[in-house]
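Chain by chain, the residues run as shown.
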Amino acid sequence: MTIRDDELIGKLLGDRPRSPGRWLGTPEGRTELAGYRRTLAGLDRLYGGHLPGAAIYWCAVPAPIGRVFVAASDAGLLRVSFRHREESFVDELRGHTEADVVRSPARTADIVEQLRDYFAGERRRFDVRLDLRRVSPFQRRVLLAATRVPAGEVVSYGEIARRIGEPGGSRAVGQALGHNPIPIVIPCHRVVAAGGRIGGYTGGLAIKRKLLRLEGSLAAIAG
Amino acid sequence: MRPVPVSLAELTARHRDGIVGYLVRLLGDRQEAEDACQDAFLRAHRAFARLAPEANSRAWLYRIATRSGLNAARRRARRTARAADVDLDSLPAAAGLSPERREELLAIRRAVDRLPPRQRAALMLRQFEGFGYAEIAVALGGSEQGARANVYQAIKKLRATLGGARRRDAKR
């Protein structure tokens, strides 16, 4: 009967497009599925977070919108922030992790260079690994959908909701983007309100307008 | 887009952090992982000339790292008896959880330590490095089907430690 275990694991790992056998709907099936879920959640908790001896590396980049701070773990970029002072940025990082928080231009050189190029108008897309382990599965889907909006284009919250298969979820999408831990690199500024209105931006609308102007898409926005 | 990495230096710089993280998960010890990574990059240096330009360079590098990691695991198995039991307090991931959930995490952790190294490697590649089965097969050597079987076996074993599992799990 191991075929059922394989079915459950495949479902959880996303190996097969949903093929819920009737058994999965039975109490036994649901119990087993929950067991596997707990197992994988436990594994994630034990091995997915910051590993022993791991550190978070950060650095500041001068930019036309003021200083931009970046932070990365071994797994990838995990935070971009502006409107922060250095101490409060480092405090924020310390508040979220047991890892050491270390200033390191060397460990952040790649993203720093890409951001410089971006603000100089010489780069239209970023190529970095992202560490989204602290982000909920729903928010991750929203953020990854936002990364697929190219520079020079804007889409509506409703369109992102549709793309992730949650039509009617534009409010939740707005919320998820409002808490984007990696703005600019995950271009939530390219997501605007319906009817070509600019919508909101956690970093302030002035910055959203600046970023869109830099990308040449501000003209598409009504207000 | 950046161009495809052309030099070994660029390749290792790009993947170093990922590989150390993978080896920590595989070996459960940061120092051993750093050593294994060093060893892997030396091997990569020797083998780089034979890497076909169109090959999947990430899978190639992880294959070398996996070999170094498995060697380290084998050496350790010879050196020490079974690893000492895990201390609850050494599990930061368990902080703030109910005692029941802490016990569960501990059981999973012990089960991970007992996994055959190849299964552990396959599991970590699938779960934390985002590898597909074809890439895992390259990293471990062997077939795609074998890679998948390794991942599934590992997960079943971890699942069986949780209790509430059906009897046949306990027999396995």
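Everything below is about the structure printed above this text.
Predicted, not measured: the structure shown is a model, and the values here were computed from it.

Thresholds, definitions, all that
Residues numbered from 1 in each chain as written. Chains lettered and ligands numbered in written order. Predicted model: local features only at pLDDT ≥ 70, side-chain atom pairs only at ≥ 80, totals over all residues. Heavy atoms only, no water. Helix = DSSP H or I, 4+ residues; strand = E, 2+ residues; numbered from the N terminus. Buried < 20%, exposed > 50% of the residue type's maximum accessible area, 1.4 Å probe, protein only. Contact = heavy atoms within 4.5 Å. Areas by Shrake-Rupley, 256 points an atom, 1.4 Å probe, with all protein chains shown as cover. Salt bridge = Lys/Arg side-chain N within 4 Å of Asp/Glu carboxyl O. Core = buried A, V, L, I, M, F, W, Y, C linked by side-chain atoms within 4.5 Å. Expected span 1.5 Å × (residues − 1). Bend = angle between axes of the 7 residues up to and from the residue. Pairing = 2+ DSSP bridges. Axes fitted to C-alpha atoms, helices over the stretch in contact; angles between N-to-C directions. Phe/Tyr/Trp six-rings, centres within 6.5 Å; stacked < 30°, edge-to-face > 60°. Lys NZ or Arg CZ within 6 Å of the ring centre and 35° of its normal.

(A) Broad picture of the overall build of chain A. Check the secondary structure of chain A and you find eight helices and six strands. Starting at the N terminus and walking to the C terminus, you meet the elements of chain A as α-α-β-β-β-α-β-α-α-β-α-α-β-α. Counting the 223 residues in chain A, one finds 48% classified as buried. Expressed as a percentage of contacts within chain A between residues at least 6 apart in sequence, the contacts between residues at least 24 apart total 57%. By element, 51% of the accessible surface of chain A is carried by carbon and sulfur atoms, the whole surface being about 11,100 Å².

(B) Fine view of unusual backbone geometry. Residues other than glycine seldom take positive phi values, yet I184(A) does so here, at roughly 75 degrees. When you line up the elements, I184(A) lands in the loop between α7 (170-178) and β6 (191-192).

(C) Examining the pattern of salt bridges more closely. Inspection of every chain in the model, using the stated rule, returns 22 salt bridges over all chains. With a closest N to O distance of 3.0 Å, R38(A) and E104(B) form a salt bridge. In this pair, R38(A) is assigned in helix α2 (residues 27-47) and E104(B) in helix α4 (residues 99-114), connecting two distinct chains. Residue R38(A) is classed as partly exposed on the basis of its relative accessible area, which comes to 35%.

(D) Region of interest: the nonpolar core. Counting 59 residues, the largest nonpolar core has W60(B) and I136(B) as its most contacted members. The element contributing the most residues to this core is helix α1 (residues 8-27) of chain B, with nine residues. Not counting chain neighbours up to four residues away, the residues in contact with W60(B) comprise L8(B), L11(B), A44(B), A47(B), F48(B), L51(B) and V138(B). Counting 40 residues, the second-largest nonpolar core is a separate cluster that includes V70(A), L143(A), A161(A) and V185(A).

(E) Spatial organisation of α1(B). Residues and elements named next belong to chain B. Here α1 contains 20 residues, and its C-alpha end-to-end distance of 25 Å is more than 12% below the 28 Å for a straight helix at 1.5 Å per residue. Along α1, the largest kink reaches about 50 degrees and is centred on R16. Burial analysis of α1 places 14 of its 20 residues in the buried class, which makes it a mostly covered element. Just past α1, the residue G28 takes up positive phi, approximately 70 degrees.

(F) How the structure looks around the environment of I56(A). Checked against the element boundaries, I56(A) lands in strand β1 (residues 55-61). For the pair formed by I56(A) and D100(A), sequence separation is 44 residues and the distance between their alpha carbons is 6.0 Å.

(G) Fine view of the sheet that holds strand β4 (residues 100-103) of chain A. All names here are of chain A. Taken in spatial order, the four strands make up an open sheet running β3-β2-β1-β4, and their pairing is mixed. Both edges of this open sheet fall to β3 (76-81) and β4, since each of them pairs with a single strand only. Across this sheet, the average inter-strand angle for adjacent strands is 25 degrees, counted without regard to direction. Here five bridges tie β1 to strand β2 (residues 68-73), and the two strands are oriented antiparallel to one another. Paired with Y57 across the two strands is A72, which belongs to β2. Across the face of the sheet, helix α4 (residues 109-119) comes into contact with β1, β2 and β3 while running at roughly 145 degrees to β2.

(H) Expanded view of the packing of aromatic side chains. This model, assessed by the stated rule, comprises nine aromatic pairs over all chains. Ring centres 5.0 Å apart and planes at 25 degrees place the aromatic pair F69(A) and F89(A) in the stacked group. A residue pair is termed long-range when its members are at least 10 positions apart, and F69(A) in strand β2 and F89(A) in helix α3 (residues 86-96) qualify at 20 residues. Among the residues examined, F69(A) registers a relative accessible area of 0% and is labelled buried. Relative accessible area serves as the criterion here: at 0%, F89(A) is assigned to the buried category. Members of the aromatic cluster, connected to one another through ring pairs, are W58(A), F69(A) and F89(A). Here the guanidinium or amino end of R159(B) rests over the ring plane of Y36(A), the centre of that ring lying 5.6 Å away.

Shape is all these values report; function is a separate question.
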